[in-house]
Amino acid sequence: MKRLTVNAPAHNEQQKADLSSMGGRRPMTNSTVSEQLLHDVQDRTTEMRRWLDTDNNSETLMAHLHDEPVDTKWLRTYQRLSRDLMSAVGNAQEQLPRRR
């Protein structure tokens, strides 16, 4: 069975630009955005865990946490992975309902 996809016409230039940048797809719903943000957190967590599982990165992390000197390249990689993970967590938190 063949699927038929119909895109609603854009009524102004901004909508046309938005649809064009998304390949003609409609914007994501809130639940889809939340799912994607959580998936991004999972991906960044997995990336960090896999990196820590390689070579002696876990041992080097423990040394770093005990204020021992570590390789500059290692430190930059750790900082980038941490920043990426924290950014993903922050983006996901922004989508949570506000507490009163």
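Residues numbered from 1 in each chain as written. Predicted model: local features only at pLDDT ≥ 70, side-chain atom pairs only at ≥ 80, totals over all residues. Heavy atoms only, no water.

**Some points on the packing of aromatic side chains**
Consideration 1: Summed over all chains, the structure comprises 3 aromatic pairs.
Consideration 2: Between W74 and Y78, the aromatic rings sit 5.3 Å apart at their centres with planes inclined by 10°, giving stacked as the arrangement. With W74 and Y78 both in helix α4 (residues 72–94) and 4 residues apart, this pair spans about one turn of that helix. Side by side, W74 and Y78 carry an identical accessibility label, which is buried.
Consideration 3: Grouped by ring-pair contacts, the aromatic residues W51, W74 and Y78 constitute a single cluster. (Phe/Tyr/Trp six-rings, centres within 6.5 Å; stacked < 30°, edge-to-face > 60°. Helix = DSSP H or I, 4+ residues; strand = E, 2+ residues; numbered from the N terminus. Buried < 20%, exposed > 50% of the residue type's maximum accessible area, 1.4 Å probe, protein only.)

**Remarks on the confidence of the model for the protein chain**
Consideration 1: Of all residues in the protein chain, 68% have pLDDT values of 70 or greater, and the mean over the chain is 79.
Consideration 2: Model confidence for the protein chain, summarised as mean pLDDT per element, is weakest for helix α1 (residues 13–21) at 46 and strongest for helix α3 (residues 57–65) at 97.
Consideration 3: Within the model, the stretch residues 1–21 combines pLDDT values under 50 with 9 contacts to residues more than four positions away or in other chains. (pLDDT = per-residue confidence, 0-100. Contact = heavy atoms within 4.5 Å.)

**A short note on α3**
Consideration 1: Regarding α3, the residues found buried are N57, T60, L61 and A63. Considered in projection along α3, the buried side chains sweep an arc of 160° and stay on one side of the axis. Residues E59 and L65 are exposed on α3 and point more than 90 degrees away from its buried face.
Consideration 2: Following α3 by one or two positions, D67 adopts a phi angle in the positive range, close to 60°. (Arc of directions from axis to C-beta.)

**Here's the deal with the packing of α3 against α4**
Consideration 1: Interhelical geometry of α3 versus α4 gives an angle of 90° and a closest axis separation of 11 Å. As the angle between them shows, α3 and α4 are arranged roughly perpendicular. Contacts between α3 and α4 involve N57, T60, L61 and H64 from the former and W74, L75 and Y78 from the latter.
Consideration 2: In terms of residue class, the contact of α3 with α4 is made up of 4 nonpolar, 3 polar and no charged. (Axes fitted to C-alpha atoms, helices over the stretch in contact; angles between N-to-C directions. Parallel < 35°, antiparallel > 145°, perpendicular 65-115°, else oblique. Nonpolar A, V, L, I, M, F, W, Y, C, P; charged D, E, K, R; others polar.)

**So, the nonpolar core**
Consideration 1: M48, W51, L52, L61, W74, Y78 and L81 together form the largest nonpolar core, which totals 7 residues.
Consideration 2: Going through the elements one at a time, α2 (30–53) and α4 are the ones with two or more residues in this core.
Consideration 3: Once you skip the residues sitting within four places of it in the chain, M48 turns out to touch Y78, L81 and S82. (Core = buried A, V, L, I, M, F, W, Y, C linked by side-chain atoms within 4.5 Å.)

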